[in-house]
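The chain contents come next:
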Amino acid sequence: MQDNIFLKIIRKEIKTDFLYEDDEVLAFYDIHPIAPVHVLIIPKKPIQSIAQMSEEDSPIIGKMFWVARNIAKDLNISEKGYKLLIRVGKDGGQEVPHLHLHLLGGARLAENIHPV
Ligand code: AMP
């Protein structure tokens with residue numbers, strides 16, 4: 001797997017404030033937010049995307065959702081609701097080739113899933 005910005009964040013080569021960190025998962029604010037709350041949750045293991053994950057990675061995916069759920073609660077968007085988004089590959093619009101879960105909230109969000 002080629003190096004990328006999230007691997008640099010995991011290696012702490014890029015200074016980033018973490019909302020959450022443990023042995024498996026990291027969470028931090030998106031640098032170009034598309035919603036009032038925009039957090040990224042990533043695995044520390046270098047998994048390129050959902051398409052590249054293996055069955056043994058399934059618990060990490062569950063953990064990422066659990067962390068997103070807890071951050072949403074901490075940021076007080078849990079009651080009003082939010083969106084969890086994972087882009088996969090080129091057609092999915094994935095830019096960074098390291099699996100990441102977007103937590104989007106703080107406003108009513110449009111669907112916007114039309115073909116480009
Ligand atoms: P995606 O299009 O799903 O691959 O999302 C990649 C996301 O990473 C985009 O929303 C970017 O704004 C975000 N991003 C890229 N570099 C950084 C960074 N250094 N810190 C935080 N977020 C970043």
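Colleague: Please explain the site of the ligand as it appears in this structure.
Modeller: Residues in close proximity to the ligand total 16 residues, the closest being Asp30, Glu95, Val96, His100 and His102. Between Ile31 and the ligand, the recorded distance is 3.1 Å, taken from a backbone N or O atom to a nitrogen atom. Summarising the interface, the protein chains cover 87% of the accessible area of the ligand, which totals 500 Å² for the free molecule. With respect to the detected pockets, the ligand is housed in the second largest pocket. Counting only elements with at least two residues in the shell around the ligand, the list comes to helix 1 (5-10) and strand 2 (25-29). Looking at the shell around the ligand element by element, the count peaks at three residues for helix 1. Each residue belonging to the shell around the ligand can be placed in one class, and the counts come to eight nonpolar, five polar and three charged.

Parameters and conventions
- Residues numbered from 1 in each chain as written.
- Predicted model: local features only at pLDDT ≥ 70, side-chain atom pairs only at ≥ 80, totals over all residues.
- Heavy atoms only, no water.
- Near = heavy atom within 4 Å.
- Polar contact = N/O pair within 3.5 Å; in protein donor to acceptor, adjacent residues only side chain to side chain.
- Areas by Shrake-Rupley, 256 points an atom, 1.4 Å probe, with all protein chains shown as cover.
- 1 Å grid on protein atoms, 1.4 Å probe; cavity = no way out; pocket = protein on both sides within 12 Å on 5 of 7 lines; lining within 4 Å.
- Sits in = over half its atoms within 2 Å of the grid points.
- Helix = DSSP H or I, 4+ residues; strand = E, 2+ residues; numbered from the N terminus.
- Nonpolar A, V, L, I, M, F, W, Y, C, P; charged D, E, K, R; others polar.

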